[in-house]
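# Coordinates in review
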Amino acid sequence: MRKKIALIGGGQIGQILAMIAAQKELGDIVILEIPELENPAKGKALDLMEMAPHGNYDAKITATSDYKDIAGADVVIITAGRPRQAGMTREDLLAVNLQIISVVAAGVKQYAPKAFCVIVTNPLDAMVYAFSKLTGFPRNQVAGMAGTLDTARWRAFIAMELGVSVCDVSGTVLGGHGPDMVPLPRLTTVGGVPLTEIATKEQIEKLALRTREAGTEIVKLFGKGSAFFSPAWSAIVMAESYLHDKRRILPCAALCEGEYGVKGLFIGVPAMISAKGIEKIYEIKLTEDENALLQKTISGVKKTAEETKL
Ligand code: APR
C-alpha cells in the first residue's frame, strides 16, 4: 500500500508540495483546504492527475475540506495560514495564524495521530511550538521547516558568489527562522575546502546577512505573498528522509530538552530524521562568538513562543 501524505493548505506552497511529492512518488496525496477553497483545491488535484502521464508518476491526488479524509496519513505538512506581505515581519502573522494552527492541530490530532508532522506556517518558531503544545505529540513526531530552507539559501548564495556548484557547498544555519538566525561559516565547506579559506571576511558577512534576510528579499520582490518553491522543496526533503528512512541530518526546528541549554522550545538545530522522525539532535561545540549569536536568537524564539500563551 502506498504511503499517504496530507497537505494542510493548498495555496502557493501547498500546490508545489503536491507536485513535488507526486513527481517523487512519495505516496498518495490529500490536499486539505478551507471549504471556500475546496473546489479550487480539487481543480489543482485533478490538474496534477492529468500531469501524471507526462510526469510519469503513479499517485492518487485528491482534495477535501473534511479532516476525515486525512485519516491515517503517514506525513502531514502544514502550510495553512497567511503569508507575509511587503513590509510585514513574520511575527505580524502570529495572531491570525495561531487561530488557524489551533484548528489544524485539532484535526490532525483526531485523524492522523501517528503522522510525522512538518510545520511550515509562519511565524515558524511560534507555530511549531503551538502545534506541539496543542497536539501533545511526542517530540520525535513534530518538526518545523526553517533551517532546511535557511541552509539551502546559505548554500545557494555561496555558490552564486563563488561561481561553484551548489552541490559542493555544505553547511548549516542554526537558531530561529528570523533575522537573528545563525549561519556558521566556520563549519561551512565547499568541496571540503573551508569557506573561511576561499572567501573574504567581507564576502562572508555579506552572504550571512543576505541569508538572514532572504525571505524578506523575496517578499519585497513579490510585493504580495512569500517564497514558495524553496520552502516546498525543503519540507519535501524532511518528509522524504522520514518516509525512506534516509537518516539525513537536516537543520530543523526541533524540541530541545536540554540541548544547547534550551528546555521546552523549538530551536533550529541539526537533527537526524529517520523512520522514527526526529531521532537525534546533534550538539555542536560552538565558539564564544557563535554561542553569543545563538543565545540572541534563542531569546527571540522564547519571546515569540511566549506570545502564543500556550
Ligand atoms: N485549513 C486549511 N487550509 C487553510 C486554513 C485552514 N484552517 N486556513 C487557511 N488555509 C489555506 C488558505 O486558504 C490558503 O490557500 O492556507 C493556504 C495558504 O496558502 P497561501 O496563502 O498561498 O500561502 P503560502 O505562500 O502557501 O504560505 C503558507 O507558509 O511560509 C509560510 O509565511 C508562509 O504562513 C505562510 C504559509
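Residues numbered from 1 in each chain as written. Predicted model: local features only at pLDDT ≥ 70, side-chain atom pairs only at ≥ 80, totals over all residues. Heavy atoms only, no water.

## Quick notes on the domain arrangement of the protein chain
- Segmenting the protein chain into domains produces domain 1 (4–146) and domain 2 (147–307).
- Of note, the centres of domain 1 and domain 2, computed from C-alpha atoms alone, are 22 Å apart.
- Each partner contributes to the interface: domain 1 provides 37 residues, whereas domain 2 provides 48 residues.
- In total, about 3700 Å² of surface goes out of reach between domain 1 and domain 2, with carbon and sulfur atoms giving 66% of it.
- For domain 1, the biggest contributors to the area lost against domain 2 are Asp-125, Arg-139 and Ala-146; these three give 19% of the whole.
- At the junction of domain 1 with domain 2, the criterion picks out three salt bridges.
- Between Glu-240 and Lys-24 there is a salt bridge whose closest N-O contact spans 2.9 Å.
- Of all elements in the fold, only helix H1 (12–23), strand E4 (75–78), strand E5 (116–119), helix H4 (124–135) and strand E6 (142–144) reach the threshold of two or more residues within the side of domain 1 that touches domain 2. (Domains from an automatic or database assignment. Contact = heavy atoms within 4.5 Å. Buried area = accessible area lost by both parts, 1.4 Å probe. Salt bridge = Lys/Arg side-chain N within 4 Å of Asp/Glu carboxyl O. Helix = DSSP H or I, 4+ residues; strand = E, 2+ residues; numbered from the N terminus.)

## Considering the site of the ligand
- Taken together, 19 residues surround the ligand, and among them Gln-12, Ile-13, Glu-33, Arg-82 and Asn-122 come closest.
- Gln-12 is positioned such that a nitrogen or oxygen atom in its backbone is 2.8 Å from an oxygen atom of the ligand.
- Between the ligand and Ile-13 there is a distance of 2.9 Å, counted from an oxygen atom to a backbone nitrogen or oxygen.
- For the shell around the ligand, the elements supplying multiple residues, two or more each, are H1 and helix H3 (94–111).
- A breakdown of the residues in the shell around the ligand according to their chemical character gives eight nonpolar, nine polar and two charged. (Near = heavy atom within 4 Å. Polar contact = N/O pair within 3.5 Å; in protein donor to acceptor, adjacent residues only side chain to side chain. Nonpolar A, V, L, I, M, F, W, Y, C, P; charged D, E, K, R; others polar.)

## Quick look at the side chain of Ser-274
- Here Ser-274 lies in strand E13 (residues 263–274).
- Reaching out from Ser-274, the side chain makes a polar contact with the side chain of Glu-279 at a distance of 2.6 Å.
- Every residue in contact with Ser-274, bar those within four places of it in the chain, is listed here: Ser-241, Tyr-242, Asp-245, Arg-247 and Glu-279.

## A short note on the sheet that holds strand E10 (residues 189–190)
- In spatial order, the strands read E7-E10-E11; together these three strands make up an open sheet with antiparallel pairing. Each of the sheet's edge strands pairs with one partner strand only, and the pair in question is strand E7 (169–170) and strand E11 (193–194).
- For E10 and E11, the ladder comprises two bridges, and the chain directions are antiparallel. Bridge pairing in E11 links Val-190 to Val-193. (Pairing = 2+ DSSP bridges.)

## Here we look at the pairing of E4
- Burial along E4 is two-sided: the face carrying Val-75 and Ile-77 and the face carrying Val-76 and Ile-78 are both buried.
- Summarising the sheet, strand E1 (residues 4–8) and E4 pair through four bridges and their orientation is parallel. Directly across from Ile-8, in E4, lies its bridge partner Ile-78.
- The pairing of E4 with E5 spans four bridges and is classified as parallel. Of the residues in E5, the one forming a bridge with Val-75 is Phe-116.
- With H3 bridging E4 and its parallel neighbour E5, the resulting β-α-β unit is right-handed. (Buried < 20%, exposed > 50% of the residue type's maximum accessible area, 1.4 Å probe, protein only. Right-handed = clockwise from strand over helix to strand, strands pointing away.)

## Some details on the nonpolar core
- Counting residues in each nonpolar core, the largest one holds 90 residues, and the members touching the most others are Ile-8, Val-76 and Phe-131.
- Both of domain 1 (4–146) and domain 2 (147–307) provide at least three residues apiece to this core.
- Not counting chain neighbours up to four residues away, the residues in contact with Phe-131 comprise Ile-78, Ile-101, Ala-105, Val-108, Cys-117, Ile-119, Phe-137 and Val-142. (Core = buried A, V, L, I, M, F, W, Y, C linked by side-chain atoms within 4.5 Å.)

## Observations concerning H3
- Taking 1.5 Å per residue, 18 residues should reach 26 Å; H3 reaches 25 Å between its end C-alpha atoms and fits that length.
- Regarding H3, the residues found buried are Leu-94, Asn-97, Leu-98, Ile-101, Val-104, Ala-105, Gly-107 and Val-108.
- Considering only its buried residues, H3 is in contact with E1, E4, E5, H4 and helix H10 (288–307). (Expected span 1.5 Å × (residues − 1).)

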